[in-house]
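# Structural description and commentary
Given next are the chains, with one letter for each unit.
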Amino acid sequence: MKILLYFEGQNVIGKSGIGRALSHQKRALSSMGIDYTLDPKATDYDILHINTYGPRSLQLVRKAKRLGKKVVFHAHSTEEDFRNSFVGSNQLAPLFKKWLVALYQQADHLITPTPYSKSLLRSYGLQQPIAAISNGIDLKKYYPDGHKEAAFRKHFNLTETQKVVICVGLFFERKGILDFVEIAEKMPDYTFIWFGDVPMLSIPANIRRVVKTAHPRNVIFPGYINGDLIEGAYSGADLFFFPSYEETEGIVVLEALASQQQVLLRDIPVYGGWLSDRENCYMGTNNQEFEKLIRQLVNHRLPNLSLAGFKTAQEKSITQIGKELKSVYEAVLELPYDHQIYAKVTK
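In this report, the structure presented in the accompanying data block is examined. None of these values were measured; they are calculated from a predicted model. (Residues numbered from 1 in each chain as written. Predicted model: local features only at pLDDT ≥ 70, side-chain atom pairs only at ≥ 80, totals over all residues. Heavy atoms only, no water.)

### Remarks on the overall build of the protein
A tally of helices and strands in the protein yields 16 helices and 12 strands. Relative to the globule expectation of 20 Å for 347 residues, the C-alpha radius of gyration of the protein, 21 Å, shows essentially globular dimensions. With respect to the three principal axes, the spread of C-alpha positions in the protein is 65 × 40 × 30 Å. In the protein, the share of contacts with a sequence separation of at least 24, taken over all contacts with a separation of at least 6, comes to 71%. Accessible surface for the protein amounts to roughly 15300 Å². Of this, 50% is attributable to carbon and sulfur atoms. Computed over 42 positive and 36 negative side-chain charges, the inter-centroid distance for the protein is 5 Å. (Helix = DSSP H or I, 4+ residues; strand = E, 2+ residues; numbered from the N terminus. Rg over C-alpha atoms; globule rule 2.2 N^0.38 Å. Contact = heavy atoms within 4.5 Å. Areas by Shrake-Rupley, 256 points an atom, 1.4 Å probe, with all protein chains shown as cover. Lys, Arg positive; Asp, Glu negative; His and termini not counted. Charge placed at Lys NZ, Arg CZ, Asp CG, Glu CD.)

Printed below as a string of structure tokens:
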């Protein structure tokens, strides 16, 4: 069995969760001894596992069908998480949904990160088999490390007693960036750091203003940072606060859980079945609740749930994801060849 893993637009969205998902897939396949290639010109593969939805992705699907290959589409994206992101995203969302459905319909099997995103795909009318498989997490990479934590605090000139709240995400309104800044303004004694980046011209003017100038002095936007510094931030901060309104999973949440960090989330459907308020994380529904919970968590007035959160991350290790992907591939190879789909994509 050999898999062609494909990811279009690495320069544009490679820093997003989808970009890290591809890295996890490569490691997951290697952990199971599954051969794979990243070369879209290859022909000696059995299954095309495609992660993106651009025109080149469609071309590759058509080529795979002509070659008689099976296609697995990794449905990272939905209409719901496209809204409130880039400039014009809300106006384009209905068309984006139609495009996604047209692409996803051509797959022999769909994979999506959570039962929630699976339910969205079913609501689109998609009938293929759908597996809910987490994007996974590299537990070893995010294990707390004192040297990394010290490097993080030194980089941002933070004292040992300075209270720090972090978030990781693109500069999208749906990520809750405006709420993050509004709450920070009410808590000037805490430092709030939002890690992440996106081309400024691609986001609405109000978000650009907030990131560039219209934020209080206790908010820092350092851009996209990886390696030891961000890993040290995850475990070295006092709290990971992720007020996103919509996700298909939220890889950054897994990273925070793996870092054994206290996690505060917005109570949204995507976490159903794997994250529970006051069990392995904390959840709120509005900024007033968030402000209260941040103060309580940072000052240790609530039970520390970081170990329970870490156990949740352990269930989504790279090796476990490899086992689940292997099961899907084996099932796909047993599917009869669908001549109807072949005819549709080769017209």
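### A look at the environment of Ser327
Among the secondary structure elements, Ser327 is positioned in helix H15 (residues 318–333). Here Ser327 falls in the partly exposed class, since its relative accessible area comes to 47%. C-alpha separation for the pair Ser327 and Thr191, spaced 136 residues apart in sequence, amounts to 45 Å. (Buried < 20%, exposed > 50% of the residue type's maximum accessible area, 1.4 Å probe, protein only.)

### Considerations on the packing of helix H9 (residues 177–185) against helix H10 (residues 205–212)
Two elements in contact, H9 and H10, have axes whose closest approach is 11 Å; the angle formed by their N-to-C orientations is 40°. What the angle tells us is that H9 and H10 run oblique. H9 and H10 meet at a crossing whose hand is left-handed. Facing H9, whose interface residues are Ile177, Leu178 and Val181, H10 presents Asn206, Ile207, Val210 and Val211. (Axes fitted to C-alpha atoms, helices over the stretch in contact; angles between N-to-C directions. Parallel < 35°, antiparallel > 145°, perpendicular 65-115°, else oblique. Left-handed = near helix turned anticlockwise from the far one by under 90°.)

### Digging into the pairing of strand E4 (residues 70–74)
Each regular strand carries side chains that alternate between the two faces of the sheet. Counted residue by residue, E4 has 5 buried out of 5 residues, so it is predominantly covered. Both faces of E4 are covered, namely the face carrying Lys70, Val72 and His74 and the face carrying Val71 and Phe73. Pairing geometry for strand E3 (residues 47–50) and E4, over 4 bridges, is parallel. Counted as the bridge partner of Leu48 is Val71 from E4. Between E3 and its parallel partner E4, the chain crosses via helix H3 (residues 55–66), and the hand of that crossover is right-handed. Where E4 lies against strand E5 (residues 109–112), 3 bridges are found, and the strand directions are parallel. From the neighbouring strand, Val72 faces E5, where its bridge partner is His109. (Pairing = 2+ DSSP bridges. Right-handed = clockwise from strand over helix to strand, strands pointing away.)

### Some details on the sheet that holds E5
Reading across the sheet, the 6 strands line up as E2-E1-E3-E4-E5-E6 and stay open at both edges, with parallel pairing between neighbours. Where the open sheet ends on each side, the last strands, each with one partner, are strand E2 (35–37) and strand E6 (130–132). Mean inter-strand twist for the sheet, computed between neighbouring axes without regard to direction, equals 25°. In the sheet, strand E1 (residues 2–6) pairs with E2 via 3 bridges, with the strands oriented parallel. Its bridge partner lying in E2, Lys2 is registered against Asp35. Contacts from H3 reach E1, E3 and E4 within the one sheet, and its direction differs from that of E3 by about 165°.

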